[in-house]
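A structural walkthrough
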Amino acid sequence: MSAHTVAPPAQVELAIGGMTCASCAARVEKKLNRMDGVEATVNYATEKAKVSFADGVEVADLIATVEATGYSAQEPTPPAVAGEQAPEAAADELRPLRQRLITAVLLAAPVIAMAMIPALQFEYWQWLSLTLTAPVVVYAAWPFHKAAFTNARHGAATMDTLISLGTSAAFLWSLWALFFGTAGEPGMTHPFELTIGRGDGAGNIYLEAAAGVTAFILAGRYFEARSKRKAGAALRALLELGAKDVTVLHDGGHEMTIPVAELKVGDRFLVRPGEKIATDGTVVDGSSAVDASMLTGESVPVEVAVGDAVTGATLNVGGRLVVETTRVGSDTQLSRMARLVEDAQNGKAAAQRLADRISGVFVPVVIALAVATLGFWLGNGAGWTAAFTAAVAVLIIACPCALGLATPTALMVGTGRGAQLGILIKGPEVLESTRAVDTIVLDKTGTVTTGRMTLLGAHTAEGVERAEVLRLAGALEHASEHPIAQAVAAGAAAEVGTLPTPEDFVNVAGLGVQGVVDRHAVLVGREQLLKEWEIHLPEALAKAKAEAEAAGRTAIAVAWDGEARAVLEVADAVKETSAEAVRRLRGLGLRPVLLTGDNEAVARSVAAEVGITDPADVIAEVLPQDKVDVVKRLQGEGRSVAMVGDGVNDAAALAQADLGLAMGTGTDAAIEAGDLTLVRGDLRAAVDAIRLSRRTLGTIKSNLFWAFAYNVAALPLAAAGLLNPMIAGAAMAFSSVFVVGNSLRLRRFRGSF
């Protein structure tokens, strides 16, 4: 390659450690992008940096830059290995945080109680408070102090800075008051007074503020970390879908079972009925029906024979197949879909937490105000004690006690109420998306429809009883394992009761079944099967078959004793509540779009049934990667897109969408890729999920406003040196009670059911 040839940029994904808020991610991203030939995006939610870099830049250089910024970086473990190790790693990550939280809560509760209830203030209560508070401030709050130190080294300030400064100031001032002031005297009390008066602070302790703030903020961090723990679960769920072992055929027909990872291109392997196809390949022997709905969304099993391509992780529901391997490992469709999900997750803009956005301005202002207060009082000859008291009061009243409750309490109440209604919300970032969405993409199979083949109708020839048709056809189909046959058998049994047992049953590959039922020679299957017996459909039945197929349904011919007797209609039935759900989604200001891997006729029929009338809002015959492209196209038109789906084929699109709603009746991969999980298989749950999420977000915003409002209102009093400990404690307690009470209103939310 000549010196003038421009090489395409290399790409690497780095796992970033040590980020505590969205501004940390922004700082890492900024530092990486300042490097020559480097383009990086850092996602706080997934804790990953996706970096493109030109020739001459090494991965080691990127890691060194991140480490110089104060964070750790490493190339992440490959997904397959991560799938085995991630649960243990996540448990290790959460354990220290959980231990700090439990320590803080157990020790802070009595400290707060003694400070707020004068009746509990025995002779030496302040020294017990100090004993209980010290481990909270030193051990439990250590992550905040560490993050504040890292931020300070790089000239930045976040909520961690304010929490560390506030709790440290409260604790250190209390130490001074206890050992060098009058607060340590026996019988000292915090009287319940709401008077304003200037004092020197020598008799005031703020231990309840230091312990309480630490406990509240740690609770918020713990719940956030627990939701982030599942960031890689979508990939693990996808990769675990595939078969684990495979039966390989060697020369002479000798069978040997080996792990799928040892398969090579050109190997031939056996797939028995009911087994998953191990990897992508071509059928070289046998014929069967393959259920590919998990990957393609096609509700009807696909008939395959010699020469047809099959995809790994799909299910063989019919006969025995021998498949020759064409793709293995990371080249398979399943692995490509795993990469689609990962790309979509990493490409999603990091939803910055509201508190961090506000803190970008609030924290520096508060610190500047505290310093200005100290300087002002010293300049006016008030003395070091009074000046320092006022400065510390500014930091303490600004310390976000209610802010620590604002998001987690609303989220806990909102998610708790959601769980009662069958709606699982994954984290605070999800809620911001619900406010903006204006388009909702609905997967057809399993979301709008039941996802199961159902007998929907029976057209009989003149003089033939419907019950007789169902009894004979149902009896014969009951002996077949094909999903369409099972749908006919189930429908017939539900309508006519017990079915007779057939004799001389034969499964005619790709055409249908034949046998003897109650001394009648019965044929059930495609029209071609009847033609092979020189039986033709009369005009009325031929018309019924054509109309059924035009509506996207599967038409099954039934004949016995040499005559065509009926045509049965089988299709994936629309759920009874789907039309109502679509109406309600429109009522929320959303434009519904039907998206499916099924054919055009089926899609239009289902869309008409649920009330989606605009042809532009019906998109059919799409492959998994096309679903992602459809979502991207809508986003490119300036729309904020929500996606509802349930299959593996929806996982990447769910991750790409601004808001992913996964049906809990679907696959693990879809559930993990979604932002919201709908436990019920009812589309009305999507309506409730968006309503509840919007309500919860509104509650969080009002909580944040009032949490800051109390602090901001009290700041001038603190700066003026007019804030005694009881007023500071009462303001904090009242703001916290208000925030909790506001959050509890979410318990009154009513769903559609």
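Residues numbered from 1 in each chain as written. Predicted model: local features only at pLDDT ≥ 70, side-chain atom pairs only at ≥ 80, totals over all residues. Heavy atoms only, no water.

**A few points about the UniProt feature "transmembrane region" (unreviewed entry) in the protein**
Under the feature "transmembrane region" (unreviewed entry), the UniProt entry names residues 101-118, 124-142, 162-183, 203-223, 358-378, 384-407, 703-720 and 726-744. With 89% helix and 0% strand, the stretch residues 101-118 has end C-alpha atoms that lie 27 Å from each other. Segment residues 162-183 splits into 82% helix and 0% strand. End C-alpha atoms: 25 Å apart. (UniProt positions renumbered as here; feature names shortened; annotations may be inferred. Helix = DSSP H or I, 4+ residues; strand = E, 2+ residues; numbered from the N terminus.)

**Structural notes on the sheet that holds strand β9 (residues 288-291)**
Ordered in space as β10-β9-β12, the three strands form an open sheet in which the pairing is antiparallel. Because the sheet does not close on itself, it has two edges, and the strands there are β10 (302-304) and β12 (315-316). Note that β9 and β12 share two bridges and pair antiparallel. From the neighbouring strand, V290 faces β12, where its bridge partner is N316. (Pairing = 2+ DSSP bridges.)

**Some words on helix α4 (residues 125-140)**
The terminal C-alpha atoms of α4 lie 22 Å apart, and with 16 residues this matches the ideal 22 Å at 1.5 Å per residue to within 8%. T133 marks the point of greatest bend in α4, at about 30°, and the proline P135 comes within the next four residues. Within the span of α4, buried status applies to W125, Q126, S129, L130, L132, T133, V136, V137 and A140. (Expected span 1.5 Å × (residues − 1). Bend = angle between axes of the 7 residues up to and from the residue. Buried < 20%, exposed > 50% of the residue type's maximum accessible area, 1.4 Å probe, protein only.)

**Details of the environment of I425**
Tracing the chain through its elements places I425 in strand β14 (residues 423-425). Overall, the relative accessible area of 11% leaves I425 in the buried class. Here the alpha-carbon distance between I425 and L678, two residues 253 residues apart in the chain, equals 9.0 Å. The contact partners of I425, leaving out residues within four places of it in the chain, are T415, V430, L431, D675, L676, L692 and S693. (Contact = heavy atoms within 4.5 Å.)

**Focus on helix α5 (residues 142-153)**
In this model α5 runs 17 Å from its N-terminal to its C-terminal C-alpha over 12 residues, within 8% of the 16 Å that 1.5 Å per residue would give. If you check which residues of α5 are buried, you get F144, H145, A147, A148, T150 and N151. Where α5 terminates, the next one or two residues include G155, which has phi positive at roughly 65°.

**Quick notes on the packing of aromatic side chains**
Evaluated as defined, the whole model comprises five aromatic pairs. Joined through ring pairs, the aromatic side chains of F705, W706 and F738 make up one cluster. (Phe/Tyr/Trp six-rings, centres within 6.5 Å; stacked < 30°, edge-to-face > 60°.)

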